[in-house]
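# Chain and residue survey
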Amino acid sequence: MSAPALPAPPAHVAYTVTVADTQERRLHVSLRAEGLTEGTQTLTFQLPAWTPGWYVLRGNERNLSHFAVQGPNQSPLTVQQLDARTWQVAVKGSKAVTFSYDVKASDTGFGFFEPYLDQKHGFVPGPATLAYVVEGKETPCSVRYTVPEGWEVASANTPVPGQPHQFTAPNYDTLIDQPAELGTFTRYQQTIEGVPVSVVMVGGEPARYRRWADGVFKIAQAGIKLLGGPPFERYSFFFHFANEGGFSGGLEHLNCTVLRIDPSNLDRPDGDNFAIVAHEFIHAWNVKRIRPAALGPFDYTRPVRVKDLWFAEGVTDYFAPRVVVEAGLATQRFWLGYQAEQLTQLMCNPARHQVTLEETSLKVWESENESEGYGGLSYYNKGLVVGLLLDTELRRRTENRVGLEDVLKALLAQCQKTGRGYSDGEIERTAARLAGADLSAFFNRALRSTEELPIKETLEAGGIFVDESVTETATLGLTWEAAAAGQIRLKSVVPQGPAAQAGLRAGDLLLGLDDLQGGLLAQRVPGDSLTLRYQRGGEQYTVNVVLGKEESRSYRLRPLPRPKPQQAALLARISGLRP
Ligand SMILES: [Zn+2]
């Protein structure tokens, strides 16, 4: 007996993205799978369920319609929809098959997770627009954008010489990781460390673009220097200046990033506005190339769980203000303020007592519509604080010779050598090896326990004076998020805490409230009681809660007044002021 042979992958997949109708905001996509072998009976086409970098299922397939399949000589073939995102075609021995469909391109603010089209602009994010051939995700591919007269195309995929609207990619993962900007836009270019870097901008006031772009180039220079050279052949920053609501922030890609920024920020090319630019740029190393093994090659069909999102996001964010300072766009004061704000956020969050850093990463998919963590603990926030402490600890133990960026560089070298992501525990082993020290106590406490972090002692060794003020405030012992107007959903309740003792549970909806910290709790003291109306399983209830006591801490950081030389040197390094 012999098992039926697996179909050989197609030799090439050629995508065409056509601006079909700017009024109707409709793109037309076709993908032609070429070089099919004779044994190929069926081909399966699928749209990703999620977007790398944003760990939420978004349902992008709802924008697709009018599916069609053609064999050779335009002969129609039957397409069978297997589920919301999967289509199967009987190939009948054809050498090539073309699968095509329409895509509604009506995202807000020039597009972000979903495609966008208007009279002058278009934006094509791969995961929400381009389906893949299940049998050929590793197959080399090409994409051609058919755009109206006078439109340009910008993408960080490999350009085809002499064909300004065509690009190639070695496989599907790479292809869709580079979105395309279409239409009329402003583009600045500079060569940094031998690599062409572009800044592409739409929206806002073009008269203000130049100063912003200059700041971005400085960020690129500082980031490349910090992390030991460019790991890419080209890099693009796409800025969508738009304030019409919806998502605001950035998303990292292999050779580019897309940021949606409020146009009023164009006036302030400063630390506050450029930290996010630096954050996304650092992702070109940390996440896109230094990545957990499970994050790529991607399985787009289901949530992928990893423990290390604290490193992917929090450590990236820890380095962002350093890059801004090294770029000359902010001072050490900005760096200290950035870290202090994150310390305060963490130390005011009761979820730190219930959820570990590894847990908030592993379970991120279980929190609704949110890509920040689980149970109210953000892996960005605690991950940043752990990054700060780890960097300081590494430098203290090695007399400032080894820092956290050296861990990133070593992991990059390892990932590039093996062609795989890092495995479980590899971050910890790499840090310990570089420091020549056993760091297991540090990591167990920081990643796998809910114990308080050793903030004060660690930072003072790093030349930072920690000014901590503790105030007692009233607490309900819960974490929450806004649901609808006038409704608050409980994300978690502290076991034995005031809310738990009154019988409230995670998932309950508090009614008639938009905020807890602001008005409601600010005017009360521990021991006061509060009557709350809530809804559970369609029924409404009223409950009386006696408020408990919570110590909330706020932090201010400044350089130690009389530092030892090694403390001063350490702080200079981690805050971006190179001696
Ligand atoms: Zn990020």
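Just so you know, these numbers come straight off a predicted model, no measurement behind them.

### Comments concerning the coordination of the zinc ion
Every protein donor of the zinc ion is accounted for by H279 (NE2), H283 (NE2) and E313 (OE), and the metal-donor separations fall at 2.0 to 2.1 Å. Look at where the donors of the zinc ion fall in the sequence and you get H-x3-H-x29-E. Of this pair, H283 sits in the loop between helix 4 (271-282) and helix 5 (309-326) while E313 sits in helix 5, and the two are 30 residues apart along the sequence. Each member of the pair, H283 together with E313, is buried.

### Description of the domain arrangement of the chain
One frequently used descriptor of interface size is the decrease in accessible area upon assembly of the parts. Domain boundaries in the chain define domain 1 (12-183), domain 2 (186-282), domain 3 (309-466) and domain 4 (478-553). Each of domain 2 and domain 3 has a C-alpha centre, and these two points are 24 Å apart. Counting from both sides, the interface comprises 19 residues of domain 2 and, opposite them, 19 residues of domain 3. For the pair domain 2 and domain 3, the summed buried surface comes to about 1600 Å²; carbon and sulfur atoms form 76% of the total. Three residues stand out in domain 2 for area buried against domain 3, namely L226, H279 and I282, and they jointly supply 39% of the buried area on that side. In this assembly, domain 2 and domain 3 are joined by zero salt bridges. Applying the counting criterion to the domain 2 and domain 3 interface returns two residue pairs in polar contact (both at pLDDT 80 or more). Among the secondary structure elements, those contributing two or more residues to the side of domain 2 that touches domain 3 are helix 3 (209-226) and helix 4. Residue contributions to the side of domain 2 that touches domain 3 peak at seven residues, all from helix 4. Grouping the constituent residues of the side of domain 2 that touches domain 3 by class yields ten nonpolar, five polar and four charged.

### Some points on the sheet that holds strand 11 (residues 121-124)
Spatially, 10-11-17-14 is the arrangement adopted by the four strands of the open sheet, whose pairing is antiparallel. What marks the edges here is a single partner per strand, and that holds for strand 10 (116-117) and strand 14 (152-155). By the bridge criterion, four bridges tie strand 11 to strand 17 (residues 180-183) in an arrangement that is antiparallel. Bridging across to strand 17, F123 finds its partner in E181.

### Observations concerning the pattern of salt bridges
All told, the structure shown has 31 salt bridges when counted by the stated rule. Put simply, E205 and R208 hold a salt bridge, and the shortest N to O gap is 3.0 Å. Among the ionic pairs, D424 bridges to K307, the shortest N-O distance being 3.4 Å. Of the two residues, D424 is situated in the loop between helix 9 (404-418) and helix 10 (426-435) and K307 in the loop between helix 4 and helix 5; the sequence distance between them amounts to 117 residues. Taking the relative accessible area as the measure of exposure, D424 reaches 49% and is therefore partly exposed.

### Section: the packing of aromatic side chains
This structure, assessed with the given rule, holds 30 aromatic pairs. Ring geometry for F67 against F99: centres 6.2 Å apart, planes inclined by 10 degrees, an arrangement best described as stacked. Here F67 is found in strand 6 (residues 64-70), whereas its partner F99 is found in strand 9 (residues 97-104), with 32 residues between them in sequence. Following the ring pairs from residue to residue traces out a cluster consisting of Y209, W212, F232, Y235, F237, F239, F241, F274, F281 and W285.

### Some thoughts on the pairing of strand 3 (residues 42-46)
It is a general feature of regular strands that their side chains alternate between the two faces of the sheet. Within strand 3, four of the five residues are buried, which leaves the element mostly enclosed by the surrounding structure. Both strand 3 and strand 12 (residues 132-133) contribute to a ladder of two bridges, which runs antiparallel. Each bridged residue has a counterpart across the sheet, and for F45 the counterpart in strand 12 is V133.

Calculation criteria
- Residues numbered from 1 in each chain as written.
- Predicted model: local features only at pLDDT ≥ 70, side-chain atom pairs only at ≥ 80, totals over all residues.
- Heavy atoms only, no water.
- Donors = N, O, S within 2.8 Å, 3.2 Å for Na, K, Ca; no water.
- Helix = DSSP H or I, 4+ residues; strand = E, 2+ residues; numbered from the N terminus.
- Buried < 20%, exposed > 50% of the residue type's maximum accessible area, 1.4 Å probe, protein only.
- Domains from an automatic or database assignment.
- Contact = heavy atoms within 4.5 Å.
- Buried area = accessible area lost by both parts, 1.4 Å probe.
- Salt bridge = Lys/Arg side-chain N within 4 Å of Asp/Glu carboxyl O.
- Polar contact = N/O pair within 3.5 Å; in protein donor to acceptor, adjacent residues only side chain to side chain.
- Nonpolar A, V, L, I, M, F, W, Y, C, P; charged D, E, K, R; others polar.
- Pairing = 2+ DSSP bridges.
- Phe/Tyr/Trp six-rings, centres within 6.5 Å; stacked < 30°, edge-to-face > 60°.

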